[in-house]
Amino acid sequence: MKKYATLAAVLLLCMGILTGCGEKKDPMAKIKDLEFTVAVQENIPEELFSVVEEKKTQGFKMTYQDGGFLYICMGYGEQETGGYSIAVNALYETENAVYFDTTLLGPKPGENDGKKQSPSYPYVVVKTEMVEKPVVFD
């Protein structure tokens, strides 16, 4: 009887070890949402604004640190017309990174009818708390 009890205990221990090792954490699992504000031109640090202006004709993704804050920037390059906007879908912290997801929204149908077609350079700059992790852009 003692042999069966010992064997059962060993089997249970092995099953526990084997099933416990199979569980893996998703490195992109959200830890917490980050509060942010969309920075307007007047509130973007001068040095950062100069870099954004220089890069705005091409698409860009970059970060900037200043005064205890993290600025996350996403530019979509030159667009044929105006009327574009950018939606920030998500900004959150994971175990290993900060995740930043945006979408470029085009002009509404008929919005540019009858107007002179001039290019635009949509970009967004968000300001959030300082987080010492890499930023993943989506």
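The structure reproduced in this document is the subject of the present report. It should be emphasised that the depicted structure is a prediction, and the values quoted were computed from it without experimental measurement. (Residues numbered from 1 in each chain as written. Predicted model: local features only at pLDDT ≥ 70, side-chain atom pairs only at ≥ 80, totals over all residues. Heavy atoms only, no water.)

## Concerning the overall build of the protein
So, step 1. For the protein, the count of helices and strands is 2 helices and 8 strands.
So, step 2. Residue burial in the protein is summarised as follows: out of 138 residues, 29% are buried.
So, step 3. Intrachain contacts of the protein at a sequence separation of at least 6 include 70% that bridge at least 24 residues.
So, step 4. Carbon and sulfur atoms make up 54% of the accessible area of the protein, which amounts to about 9500 Å² in all. (Helix = DSSP H or I, 4+ residues; strand = E, 2+ residues; numbered from the N terminus. Buried < 20%, exposed > 50% of the residue type's maximum accessible area, 1.4 Å probe, protein only. Contact = heavy atoms within 4.5 Å. Areas by Shrake-Rupley, 256 points an atom, 1.4 Å probe, with all protein chains shown as cover.)

## Brief notes about the environment of Ala39
So, step 1. When you line up the elements, Ala39 lands in the loop between strand 2 (36-38) and helix 2 (46-55).
So, step 2. In this structure Ala39 comes out as buried when scored by relative accessible area, which is 13%.

## Some points on the pairing of strand 3 (residues 59-66)
So, step 1. Both strand 3 and strand 4 (residues 69-76) contribute to a ladder of 8 bridges, which runs antiparallel. What sits directly across from Met62, in strand 4, is Cys73.
So, step 2. The turn joining strand 3 and strand 4, which pair antiparallel and follow one another in sequence, is formed by 2 residues; a positive phi near 60° is taken by Gly67. (Pairing = 2+ DSSP bridges.)

## Notes on the packing of aromatic side chains
So, step 1. Taken as a whole and assessed by the stated rule, the structure comprises 4 aromatic pairs.
So, step 2. Centroid distance Phe100 to Phe137: 6.0 Å. Interplanar angle 85°. Geometry classified as edge-to-face. Placement of the pair is Phe100 in strand 6 (residues 98-105) and Phe137 in strand 8 (residues 135-137), with a sequence separation of 37 residues.
So, step 3. Just above the ring of Tyr92 sits the side chain of Lys30; from NZ or CZ to the centre is 5.3 Å.
So, step 4. When the ring centre of Phe69 is taken as reference, the NZ or CZ atom of Lys127 above it lies at 4.2 Å. (Phe/Tyr/Trp six-rings, centres within 6.5 Å; stacked < 30°, edge-to-face > 60°. Lys NZ or Arg CZ within 6 Å of the ring centre and 35° of its normal.)

## A word on the pattern of salt bridges
So, step 1. Per the counting criterion, the structure on display carries 4 salt bridges.
So, step 2. Close ionic contact of Lys56 with Glu53 constitutes a salt bridge, the shortest N to O distance being 3.1 Å.
So, step 3. Of the residues examined, Glu53 reaches a relative accessible area of 32% and is grouped as partly exposed.
So, step 4. The residue Lys133 makes a salt bridge to Glu93 at a minimum N-O spacing of 2.7 Å. Linking Lys133 in the loop between strand 7 (123-129) and strand 8 with Glu93 in strand 5 (residues 85-94), this pair joins segments that are 40 residues apart in sequence. (Salt bridge = Lys/Arg side-chain N within 4 Å of Asp/Glu carboxyl O.)

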